[in-house]
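Chains, contacts and geometry: an overview
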Amino acid sequence: MLCAHTVRRLKPGSFEQFRETFGPPDDAPEGWVRFHMLRSLSNPDEVVTFGFYDGTLEELERGQAEGGYDELRQSTDALVDEVVANGVYEIIENRAMQDSSAS
């Protein structure tokens, strides 16, 4: 399982437009399991997007090329001041946290 992750600083006031424009289509390409968009509590113009992909890096890259990811990213470039971090990570450990109040 892989996690594709990007941290962006948006131009002030552009979050709602970014949110409406960026994200996977309803019929996400094969392999994509989940997508998340997070907004910083201390800076509303800082956004983290990440998604989980069940496959290899080569399959992810091929799917992005065939699925129009570059076009999607380019459609939001005008809303972004800076990309702080961007990468694909292998999920090494995945733990479900137990609700201690349930006992």
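Throughout what follows, the structure given in this document is the object of discussion. Just so it is clear, the model here is predicted, and its values are computed rather than measured.

Here we take up a negative patch on the surface. Judged by side-chain charge, E30, D54, E58, E59 and E61 come together as a negatively charged surface patch. Note on placement: D54 falls in the loop between β3 (46-53) and α2 (57-67). By relative accessible area, D54 is classed as exposed at 51%.

Buried together is how nonpolar side chains tend to be arranged in soluble globular proteins. Of all hydrophobic cores here, the largest spans seven residues; its members are L10, F15, F18, F22, V47, L79 and V80. Once residues within four sequence positions are removed from consideration, V80 is found in contact with R8, R9, L10, K11 and F18.

Further remarks concern the packing of aromatic side chains. Under the defined criterion, the tally for this structure stands at four aromatic pairs. Where F18 meets F22, the ring centres are 5.3 Å apart and the plane angle is 10 degrees; that geometry is what we call stacked. Residue classification places F22 among the buried positions, given a relative accessible area of 8%. Ring geometry for W32 versus Y53: centroids 5.1 Å apart, planes at 65 degrees, classification edge-to-face. In this pair, W32 sits in strand β2 (residues 32-39) while Y53 sits in strand β3, placing the two residues 21 residues apart along the sequence. The partly exposed category is assigned to W32, whose relative accessible area is 27%. A relative accessible area of 6% means that Y53 is categorised as buried.

How each quantity is defined
Residues numbered from 1 in each chain as written. Predicted model: local features only at pLDDT ≥ 70, side-chain atom pairs only at ≥ 80, totals over all residues. Heavy atoms only, no water. Patch = residues over 30% accessible without salt bridge, like charges linked within 9 Å, V, L, I, M, F, W, Y side chains within 5 Å. Areas by Shrake-Rupley, 256 points an atom, 1.4 Å probe, with all protein chains shown as cover. Salt bridge = Lys/Arg side-chain N within 4 Å of Asp/Glu carboxyl O. Lys, Arg positive; Asp, Glu negative; His and termini not counted. Charge placed at Lys NZ, Arg CZ, Asp CG, Glu CD. Helix = DSSP H or I, 4+ residues; strand = E, 2+ residues; numbered from the N terminus. Buried < 20%, exposed > 50% of the residue type's maximum accessible area, 1.4 Å probe, protein only. Core = buried A, V, L, I, M, F, W, Y, C linked by side-chain atoms within 4.5 Å. Contact = heavy atoms within 4.5 Å. Phe/Tyr/Trp six-rings, centres within 6.5 Å; stacked < 30°, edge-to-face > 60°.

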